[in-house]
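# Chains, contacts and geometry: an overview
Spelled out from the first residue to the last, the chains are:
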Amino acid sequence: MYNRTMNPLLPGQFQEKYGLQLQGMWEFSTLSLLEGACEDICRGFGNRKPRWMRRIHICLEVGPYGGLTSANMKVKLNPVGLSQWTIVHELAHAWDYSSLCSNSLRMMLITNSWGPVPGLHKSHPLDQRYWYHPGELPVPCGVDEHFNRYEDFAESVTAFVYPEQAALRAAKNGRPYDRYGYGHFHDTPRGRFIRELIKK
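Residues numbered from 1 in each chain as written. Predicted model: local features only at pLDDT ≥ 70, side-chain atom pairs only at ≥ 80, totals over all residues. Heavy atoms only, no water.

With that settled, consider the pairing of strand β2 (residues 57-60). Relative to β2, strand β1 (residues 21-22) is paired through two bridges, and the arrangement is parallel. Among the inter-strand pairings, Leu22 is bridged to a residue of β2, identified as Ile58. Pairing analysis gives four bridges linking β2 to strand β4 (residues 74-77), with the strands arranged parallel. Considered in β4, the bridge of His57 is made with Lys74. (Pairing = 2+ DSSP bridges. Helix = DSSP H or I, 4+ residues; strand = E, 2+ residues; numbered from the N terminus.)

Pasting the structure below:
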């Protein structure tokens, strides 16, 4: 995990270095988190800067979620309780949007995942029968009523970048990787899919 001890990049320098366009006012601590997340993504991508990062606009906005990414490549990050995990997760959504959501669709098909069942899930949100079914296990960290193919992909990318954290989260949620015969997230079906996707 990246840990910068000097001053973080300034907002304008993010566009020069990563292609990210930062909007609004940013505190140094938040810039440092963002820079760390970007460096961790680059490290996870074989020490190169992914092209899909070049079109992303990022702003800070306090809200009910840790972050929110829209199809027009705009990412809103909640500065309250912000973590590098959340930043990478939201940037992974942007990567999926840059592929017209084909990344998450392909992963869903390759892992034999399906759901959620639209009408039934909406009328019975806590009934697990109508949730997203992740197919080949393990999932990166766990499944809940909000989980779907988009979240599965974003969590898988984040787990690929932070495999040690992902393993701890999975174990905490009662889904340790070794239960499914895997010692590391990179060896799981989702981890292998992300590794191959990075190569393209």
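Looking now at the sheet that holds β2. In a beta sheet, neighbouring strands pair by backbone hydrogen bonds and run either parallel or antiparallel. Reading across from one edge, β1-β2-β4-β3 is the order of the four strands in this open sheet, with mixed pairing throughout. Each end of this open sheet is capped by a strand with a single partner; those strands are β1 and β3 (67-69). This element, helix α3 (residues 84-98), spans β2, β3 and β4 of the sheet and lies at about 10° to β3. (Contact = heavy atoms within 4.5 Å. Axes fitted to C-alpha atoms, helices over the stretch in contact; angles between N-to-C directions.)

Along its 17 residues, helix α2 (residues 28-44) runs 24 Å from first to last C-alpha, staying within 8% of the 24 Å computed at 1.5 Å per residue. The complete set of buried residues in α2 reads Thr30, Leu31, Leu34, Glu35, Gly36, Ala37, Cys38, Asp40, Ile41, Cys42 and Gly44. Packed against the buried residues of α2 are α1 (11-18), β1, β2, α3, α6 (149-161) and α8 (189-199). Within two residues after α2, Gly46 carries a phi angle of roughly 75°, on the positive side. (Expected span 1.5 Å × (residues − 1). Buried < 20%, exposed > 50% of the residue type's maximum accessible area, 1.4 Å probe, protein only.)

Within the structure shown, the criterion is met by six salt bridges. A salt bridge links Glu39 to Lys17; the shortest N-O distance between them is 3.1 Å. Taken together, the residues Glu39 in helix α2 and Lys17 in helix α1 connect sequence positions 22 residues apart. Under the relative-accessibility criterion, Lys17 is labelled partly exposed at 32%. Between Glu196 and Lys199 there is a salt bridge, and its shortest N-O distance comes to 3.1 Å. Taken together, the positions of Glu196 and Lys199, both in helix α8 and three residues apart, correspond to about one turn of that helix. (Salt bridge = Lys/Arg side-chain N within 4 Å of Asp/Glu carboxyl O.)

Across the interface, helix α4 (residues 102-110) lies against α6 with an axial gap of 9 Å and an inter-helix angle of 95°. Here α4 is positioned roughly perpendicular relative to α6, judged by the angle of their axes. The residues of α6 that touch α4, namely those facing Asn103, Ser104, Leu105, Met107 and Met108, are Arg149, Tyr150, Asp152, Phe153 and Ser156. Per-class residue counts for the contact of α4 with α6 are five nonpolar, three polar and two charged. (Parallel < 35°, antiparallel > 145°, perpendicular 65-115°, else oblique. Nonpolar A, V, L, I, M, F, W, Y, C, P; charged D, E, K, R; others polar.)

Our next topic: unusual backbone geometry. With an omega of -5°, the peptide bond running from Gly115 to Pro116 counts as cis. Position of Pro116 relative to the elements: it lies in the loop between α4 and α5 (118-123). The phi angle at Met73 is positive, at roughly 65°, despite the residue not being glycine. Relative to the elements of secondary structure, Met73 occurs in the loop between β3 and β4. Taking relative accessible area as the criterion, Met73 reaches 3% and is therefore assigned buried.

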